[in-house]
Structures are given as structure tokens and as C-alpha cells.
Amino acid sequence: MRDEQPFRLAVLISGRGSNLQALIDAVRSGQLRARIECAIADRKAYGLQRAAAAGIPSFQLKRDEQISENIHRWLAGRVDLIVLAGFLSILSAEFCKKWVGKVINLHPALLPQYGGKGFYGKRVHRAVIENGEKESGATVHYVTAGVDKGEIIAQQRLRLSPGESPDSLQQKIQRIEHPLLVGAIQKLMAERGARIVG
Ligand code: GAR
């Protein structure tokens, strides 16, 4: 049954889309037995070109107060999981309630530390370095109304090198994020499959 109906993903992005590319590659290679139904951006994002190149329907939504409602309208009944892969708009509490357990986010730090409003991209790495942390990493977690507060699904740590800069840390973290995100989705799919079968 599950083989006939692939697990359907929507990927939401705001930027480069290297994580979207990792998902595209994992689907292509058969590592991830899912289908990316669409990619949605909340601004002009290079990742939309990656989606188009892969033949994935992709579009940009206006970054306004209705964005959560618009995403809901586009995706309701069409996807099994929404993946926030560098998506910077905050989804409304109402949206999070409707989609509970069906939205995951990738964050470039070891949550619960260095999360919440204002902690995104290089700002996170700058704060980690300024605080003299020895470790950082990446986290995949469920999205809830509390920003970056949802249950953790997967996490990977790495050590900072002497003289680490926000740029070098960002590069190191992005390398571990790609397999972490693919692995987290595989884990969720396996859990849900187990529930369907059981
Ligand atoms: C990733 O590093 C992701 O962890 C971060 O944005 C980057 C997107 O990279 N997300 C956040 O900061 C969310 N708070 P990508 O566009 O190359 O996938």
C-alpha cells in the first residue's frame, strides 16, 4: 500500500536551498522513498531554481500576514510532511495547530540552545562563537507555536576549531545538516509506516 503511494513532501525555503538539493538528490538516488510535491519560498530564493531544474513545481508566496493561511490552502490534503529547510518566516500558531506532527524544521545549532526568534543563519554561529562554546551542531525538530521549541527528532554535534569564524562554522554545519535532514525524514517515515502496519 505504502509502496503505491509515496510519502509526499513539501519543502519550504528562503535561500540557497542546499538542503532542498540534498532532499532532491536523496529522492533521486532512492535513498528517500518519498516524492517532493512542491517547493515554496517566502522571498526570491536561489533554491527555487534548484526545484525548477529538478522538475518540481515551485513558487514564491508574498511575505505578509496571510502567508501561513496561504501555505495551508496550497498544501492541505496534498502532502504528508512539510519540511522547513532554511525557511525564515514564522508560521502562525493556528497553522502549527492544524499541522501538528506534520511540520519539521532544520536549525543550525544544538537546540534548545541558540534557538527562538532572531536566531537564524549566521546570527546563530556568531552567538555560539562569541559565547566561547566548544561545540555546536544541527537539530531537526517538530514545529510548534513556540519558535524552535518542538520535540527534537535528530541532532548532531560537532566541535569548533581554534579560530572558528561564523563563515567556517556555517560551512561545517551545512555539511552535517544534509544527511541529518534526510535521516530524520527516513526515521519519521519508518515510524509512520510502523504505525500503519501495526
Ligand atoms: C540552514 O543552515 C538551516 O539550518 C538554516 O538556514 C540554512 C539554509 O541553508 N535555518 C535556520 O537558520 C532556521 N532558523 P540552505 O538554504 O542552503 O538549505
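Just above, that's the structure.
A brief report on the enclosed structure follows. Just so it is clear, the structure is predicted and the values come from calculations on it, not from any experiment.

### As for the environment of G17
So, point 1. Considering the arrangement of structural elements, one finds G17 in the loop between β1 (7–13) and α1 (18–29).
So, point 2. Taking the relative accessible area as the measure of exposure, G17 reaches 8% and is therefore buried.
So, point 3. Through-space distance from the C-alpha of G17 to that of L111 is 21 Å; in sequence the pair is 94 residues apart.
So, point 4. Among all residues touching G17, those that are not within four sequence positions of it are G47 and R50.

### Remarks on the side chain of E177
So, point 1. Within the fold, E177 resides in helix α6 (residues 166–197).
So, point 2. A polar contact is formed between the side chain of E177 and the side chain of N19, at a distance of 3.3 Å.
So, point 3. If we skip the residues at most four places from it in the chain, E177 touches N19, L106, H107, P108 and A138.

### So, the nonpolar core
So, point 1. One finds L9, L23, L32, V83, I104, L181 and I185 to be the most contacted residues of the largest nonpolar core, which totals 44 residues.
So, point 2. Leave out the neighbours within four places in its chain, and L23 touches V11, L32, I36, V83, L181, V182 and I185.

### Points about helix α5 (residues 121–130)
So, point 1. Those residues of α5 lying buried are V124, H125, A127 and V128. Along the axis of α5, the buried positions cluster into a sector of 160°, meaning they face one direction only.
So, point 2. Once α5 ends, the next one or two residues include G132, with phi positive near 70°.

Thresholds applied
- Residues numbered from 1 in each chain as written.
- Predicted model: local features only at pLDDT ≥ 70, side-chain atom pairs only at ≥ 80, totals over all residues.
- Heavy atoms only, no water.
- Helix = DSSP H or I, 4+ residues; strand = E, 2+ residues; numbered from the N terminus.
- Buried < 20%, exposed > 50% of the residue type's maximum accessible area, 1.4 Å probe, protein only.
- Contact = heavy atoms within 4.5 Å.
- Polar contact = N/O pair within 3.5 Å; in protein donor to acceptor, adjacent residues only side chain to side chain.
- Core = buried A, V, L, I, M, F, W, Y, C linked by side-chain atoms within 4.5 Å.
- Arc of directions from axis to C-beta.

All we've got here are geometric facts, nothing functional implied.
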